[in-house]
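Residue-level structure breakdown
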Amino acid sequence: MKRRDFFKKTAVATVAANALPAAKLFADGNGDKNKPLDFVAIHGGEASAMFERGIEKMGGMSRFVKKGQKVVIKPNIGWDQRPDVGANTDPGLVRSIIRSCKQSGASEIFIFDHTCGNDWNNRYNMSGIAAVAKDEGVEMVPGNTRSFYEEASIPKGVILKNALVHKLAKDPDVFINVPVLKHHSGAKITCALKNYMGCVWDRRFWHDKGLPQCIADYATFQKTTLTIVDAYRVMLEHGPRGRSPKYAPVVKYQIISTDMVAADTAAVKIFEQVAKEYGMGIPYPLEEIEYLKLAENLGVGTMDLSRLNIDRIEMA
């Protein structure tokens, strides 16, 4: 091994060993064993293993998925990148979610995303999620075909008053949002709320008219049963597409929550912590992620984690 490679690997190992556990990173949350949990923070395991432990703590997937219901899973599958780049949701996590929904009696399970490019089939394949869906007998539906979108009114929207929304996102029985946490050149950080941009046809309007407010506006419309934040890898720079695995270190965090604003608030804390540990990216404070406060003001959820019933799992 070359001397410079030895020191690089040693530095990364030291950072990983010093990663802040979930119990400390989210210490401001309440915990009441007599009430259903709003939020679980997990650290230190593989993506699928963290989900299995976390969903068990939340009361099991049967709390959210009932027998005979149709389930829509919305990962981030926007980019033609391998899983280790951190641009898309971890395929192993998606597999575990599918299996958990099946065990809870889901009658149908669908996966979709409006990818960032017309070669949606290639992006589905490169992400590894298409192979998972095929193995599990789940249908992946195109997101880049206009015929799959229908007009929808956004009554609470400040700027975004209506949108063309993917049919699968319109009033599903169960909608599970599974974003990957990463840097974004425009929004600074992309996670749960911004992942909804993969549900609409015309995203240029959002960028032209005010991205933070449009993100918050759409969140008032999208029915969401559960948010599962994939922070197994966190892309710290060159988002949202990414360049290489070196910008997306494996840090082994995950958030499961019924509150999408809280999930994104926690994600910002993770990003800030990891950016400081690795000396990459910018450790953005919460106030710089504009769409969070806007969404909170519209009643989408809360940024105050102390108001939530939280549990924490350390697997390391």
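A brief structural summary.

Criteria and cut-off values
Residues numbered from 1 in each chain as written. Predicted model: local features only at pLDDT ≥ 70, side-chain atom pairs only at ≥ 80, totals over all residues. Heavy atoms only, no water. Helix = DSSP H or I, 4+ residues; strand = E, 2+ residues; numbered from the N terminus. Buried < 20%, exposed > 50% of the residue type's maximum accessible area, 1.4 Å probe, protein only. Polar contact = N/O pair within 3.5 Å; in protein donor to acceptor, adjacent residues only side chain to side chain. Disulfide = S-S within 2.5 Å. Phe/Tyr/Trp six-rings, centres within 6.5 Å; stacked < 30°, edge-to-face > 60°. Axes fitted to C-alpha atoms, helices over the stretch in contact; angles between N-to-C directions. Parallel < 35°, antiparallel > 145°, perpendicular 65-115°, else oblique. Left-handed = near helix turned anticlockwise from the far one by under 90°. Contact = heavy atoms within 4.5 Å. Nonpolar A, V, L, I, M, F, W, Y, C, P; charged D, E, K, R; others polar. Salt bridge = Lys/Arg side-chain N within 4 Å of Asp/Glu carboxyl O.

1. Concerning the side chain of Q254
- Tracing the backbone through its elements, the reader meets Q254 in strand β11 (residues 250-257).
- Owing to a relative accessible area of 1%, Q254 belongs among the buried residues under this scheme.
- A polar side-chain atom of Q254 sits 3.0 Å from the main-chain carbonyl oxygen of A47.

2. Points about the state of the cysteines
- A full pass over the atoms with the stated rule returns zero disulfides.
- C191 takes part in no disulfide bond, and the closest cysteine sulfur to it belongs to C199, at a distance of 14 Å.
- Here C191 falls in the buried class, since its relative accessible area comes to 2%.
- On the basis of relative accessibility, which here comes to 0%, the residue C199 falls in the buried class.

3. Section: the packing of aromatic side chains
- Scanning the model with the defined rule gives seven aromatic pairs in all.
- For the ring pair W120 and Y124, a centre distance of 5.3 Å and an interplane angle of 70 degrees mean the geometry is edge-to-face. Taken together, the residues W120 and Y124, both in helix α5 (residues 120-126) and four residues apart, mark about one turn of the helix.
- Note on W120: relative accessible area 23%, which makes it partly exposed.
- Feature note: the residues F175, Y196, W206, Y218 and F221 constitute an aromatic cluster, connected by ring pairs.

4. Some words on the packing of helix α9 (residues 260-278) against helix α10 (residues 290-297)
- Running from amino to carboxyl end, α9 crosses α10 at an angle of 155 degrees, the nearest separation of the two axes being 10 Å. If you check the angle between α9 and α10, you find them roughly antiparallel. α10 is crossed by α9, and the crossing has left-handed handedness. Residues V261, D264, T265 and V268 of α9 form the contact with α10, whose participating residues are Y291, L292 and A295.
- The residue inventory of the contact of α9 with α10, partitioned by class, reads five nonpolar, one polar and one charged.

5. Considerations on the environment of Y196
- Take Y196: it is sitting in the loop between β9 (188-190) and α7 (204-209).
- Of the residues examined, Y196 reaches a relative accessible area of 0% and is grouped as buried.
- Taking the C-alpha atoms as reference points, Y196 and M315, 119 residues apart in sequence, are found 30 Å from one another.
- In contact with Y196, other than residues within four places in its own chain, are F175, N177, Y218, A219, Q222, T224 and M260.
- There is a polar contact of 2.5 Å between the side chain of Y196 and the side chain of T224.

6. Digging into the pattern of salt bridges
- Under the counting rule described, the total for this entry stands at 16 salt bridges.
- With a shortest N-O distance of 3.4 Å, D311 and K57 are connected by a salt bridge. Linking D311 in strand β12 (residues 310-314) with K57 in helix α3 (residues 47-57), this pair joins segments that are 254 residues apart in sequence.
- Judged by relative accessible area, which is 23%, D311 ranks as partly exposed.
- Relative accessible area serves as the criterion here: at 42%, K57 is assigned to the partly exposed category.
- Sharing partners across several salt bridges, the network here consists of R95, R99, K102, D135 and E136.

7. Quick word on the packing of helix α8 (residues 211-219) against α10
- Relative to each other, α8 and α10 sit at 40 degrees, their axes nearing to 8 Å. One finds that α8 runs oblique with respect to α10. α10 is crossed by α8, and the crossing has right-handed handedness. Two secondary-structure elements touch here, α8 through P212, Q213, I215 and A216 and α10 through E290, Y291, L294 and A295.
- Here the contact of α8 with α10 is composed, by residue class, of six nonpolar, one polar and one charged.

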